[in-house]
Amino acid sequence: MTCPEIKSWTLNRLSHPDLSWISKIQVNQPAVLRRAEQIQARRTVKKEWQAAWLLKAVTFIDLTTLSGDDTSSNIQRLCYKAKYPVREDLLKTLNMHDKGLTTAAVCVYPARVCDAVRALKAAGCTIPVASVATGFPAGQTHLKTRLEEIRLAVEDGATEIDVVINRTLVLTGQWEALYDEIRQFRKACGEAHLKTILATGELGSLTNVYKASMIAMMAGSDFIKTSTGKETVNATFPVAIVMLRAIRDFFWKTGNKVGFKPAGGIRSAKDSLAWLSLVKEELGDEWLTPDLFRIGASTLLSDIERQIYHHVTGRYAAYHDLPMS
């Protein structure tokens, strides 16, 4: 998985790049699967080290609600939980109550951005508001509509935009069209961060995942993200390995650091530790910052808080002991 043509592209980024080399890329799938098996077989950290890593995982979470029945009141509760992700008495026991622990962002539909901005302002915090856009989750609406959706979300106060690509462009090998589409997303975002969702479960192969990752980064994405959370197959370790190595290749060739966001199906504290470990091993500690690593999740925080509760008290909490609001 190498891409020598990226270096020449960086010398003249304003011109339309020659993407003919993309078709030559091949991913060694058996090697990727072997690496994924190693990750899954690894034992996790324990005791106080586990608690420390779990608290670190909290700071990477894009706390998400993307439901058809979202209302201003449940957005308000979500934002409160983002500011106070772990019960204060638990944090005091761990001497972490004065560290300003919050989630990395809250992620909502475009129509709920105003609610989230208002709730966070009322709470007196500056947690970023992320919004999905561009015909989420399928990405099959007209391009003009998708671009306008980005602009409206930014106008309402979203500082991060999670866009979805048109998977058809990947499946039919239209790499120039995909590049052009994401470049238009980049322009519509303005100063907002662009997180490009590849919907890897619908791309057909690991080779396509690598190619789409590279195109997304070349087009100006600040993050590449595995999934919408709505596909049949969401974040998996083989897909993550391919995306992380694309990020590493891109960094080696350009010097530009692009972030990584797995999303969909990450529900347990144990899962979060595996993802942190993977990023640390593949990209290094410098990527273990909210500027370069996020986890998209809606229920993960609840299990992390339960594990922290168990670490502090020696027993597991009932669900009513740790409500979301």
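Residues numbered from 1 in each chain as written. Predicted model: local features only at pLDDT ≥ 70, side-chain atom pairs only at ≥ 80, totals over all residues. Heavy atoms only, no water.

A word on the environment of L120
1) Next: Residue placement: L120 occurs in helix α6 (residues 113-122).
2) Next: The class of L120 is buried, set by a relative accessible area of 2%.
3) Next: Note: C-alpha distance between L120 and K83 (37 residues apart in sequence) is 8.2 Å.
4) Next: L120 has contacts with C79, V106, C125, I127 and V129, leaving out every residue within four places of it along the chain. (Helix = DSSP H or I, 4+ residues; strand = E, 2+ residues; numbered from the N terminus. Buried < 20%, exposed > 50% of the residue type's maximum accessible area, 1.4 Å probe, protein only. Contact = heavy atoms within 4.5 Å.)

Comments concerning the packing of aromatic side chains
1) Next: Here the structure, examined in full by the defined rule, presents 7 aromatic pairs.
2) Next: The interplanar angle of 75 degrees and the centroid separation of 6.0 Å between the aromatic rings of Y109 and F136 together place this pair among those described as edge-to-face. With Y109 in the loop between β2 (105-108) and α6 and F136 in the loop between β3 (129-133) and α7 (143-155), this pair connects stretches of sequence that are 27 residues apart.
3) Next: Taking relative accessible area as the criterion, F136 reaches 12% and is therefore assigned buried.
4) Next: Summarising the aromatic geometry, the rings of F260 and W275 are spaced 6.3 Å apart at their centres and angled 35 degrees between planes, so their arrangement reads as tilted. In this pair, F260 sits in strand β7 (residues 259-261) while W275 sits in helix α12 (residues 269-283), placing the two residues 15 residues apart along the sequence.
5) Next: Residue classification places W275 among the buried residues on the basis of a relative accessible area of 4%.
6) Next: Three or more aromatic residues link up through ring pairs in this structure, and these residues are F60, F237, F260, W275 and F293.
7) Next: A cation over a ring is seen here: K257 above W287, with NZ or CZ 5.7 Å from the ring centre. (Phe/Tyr/Trp six-rings, centres within 6.5 Å; stacked < 30°, edge-to-face > 60°. Lys NZ or Arg CZ within 6 Å of the ring centre and 35° of its normal.)

Let's talk about the UniProt feature "active site" (unreviewed entry) in the protein
1) Next: The sites that carry the UniProt feature "active site" (unreviewed entry) are, in the present numbering, K225 and K261. Look at the named residues: they lie 37 residues apart in sequence, but the longest C-alpha span between them is just 4.5 Å, so in the fold they bunch up.
2) Next: Structurally, the position occupied by K225 is in strand β6 (residues 223-225).
3) Next: Locating K261 in the fold gives a position in strand β7.
4) Next: Those residues in contact with K261 that lie beyond four places of it in its chain are D62, D162, K195, F223, I224, K225, T226, R294, I295 and G296. (UniProt positions renumbered as here; feature names shortened; annotations may be inferred.)

A few points about unusual backbone geometry
1) Next: Cis geometry is adopted by the peptide bond preceding P137, which originates at F136 and carries an omega value of 0 degrees.
2) Next: The topology assignment puts P137 in the loop between β3 and α7.
3) Next: With a phi close to 60 degrees, T134 is a non-glycine residue in the positive phi region.
4) Next: Inspection of the secondary structure puts T134 in the loop between β3 and α7.

Quick look at the sheet that holds strand β1 (residues 61-64)
1) Next: Sheet architecture is open: 8 strands sit in the order β7-β6-β5-β4-β3-β2-β1-β8, paired in parallel fashion. Both outer strands of the open sheet, β7 and β8 (295-297), are each paired with one neighbouring strand and no more. Averaged over all pairs of adjacent strands, the angle between strand axes in this sheet comes to 25 degrees, irrespective of strand direction.
2) Next: Relative to β8, β1 runs parallel, the two being bridged by 3 bridges. Residue L63 lies in a different strand from β8, and its bridge partner there is A297.
3) Next: Across the sheet, helix α11 (residues 237-254) lies against β6 and β7, angled at about 170 degrees from β7, the strand it touches most. (Pairing = 2+ DSSP bridges. Axes fitted to C-alpha atoms, helices over the stretch in contact; angles between N-to-C directions.)

Concerning helix α10 (residues 206-218)
1) Next: Spanning 13 residues, α10 covers 18 Å between terminal C-alpha atoms, matching the ideal 18 Å at 1.5 Å per step.
2) Next: The first or second residue beyond α10 is G220, which carries a positive phi of 110 degrees. (Expected span 1.5 Å × (residues − 1).)

Considerations on the side chain of D162
1) Next: Relative to the elements of secondary structure, D162 occurs in strand β4 (residues 160-164).
2) Next: On the basis of relative accessible area, D162 is assigned to the buried category, the value being 0%.
3) Next: A polar side-chain atom of D162 sits 2.9 Å from a polar atom in the side chain of K225.
4) Next: When sequence neighbours within four positions are dropped, the list of residues in contact with D162 reads C107, A130, S131, V132, A133, K195, I197, K225 and K261. (Polar contact = N/O pair within 3.5 Å; in protein donor to acceptor, adjacent residues only side chain to side chain.)

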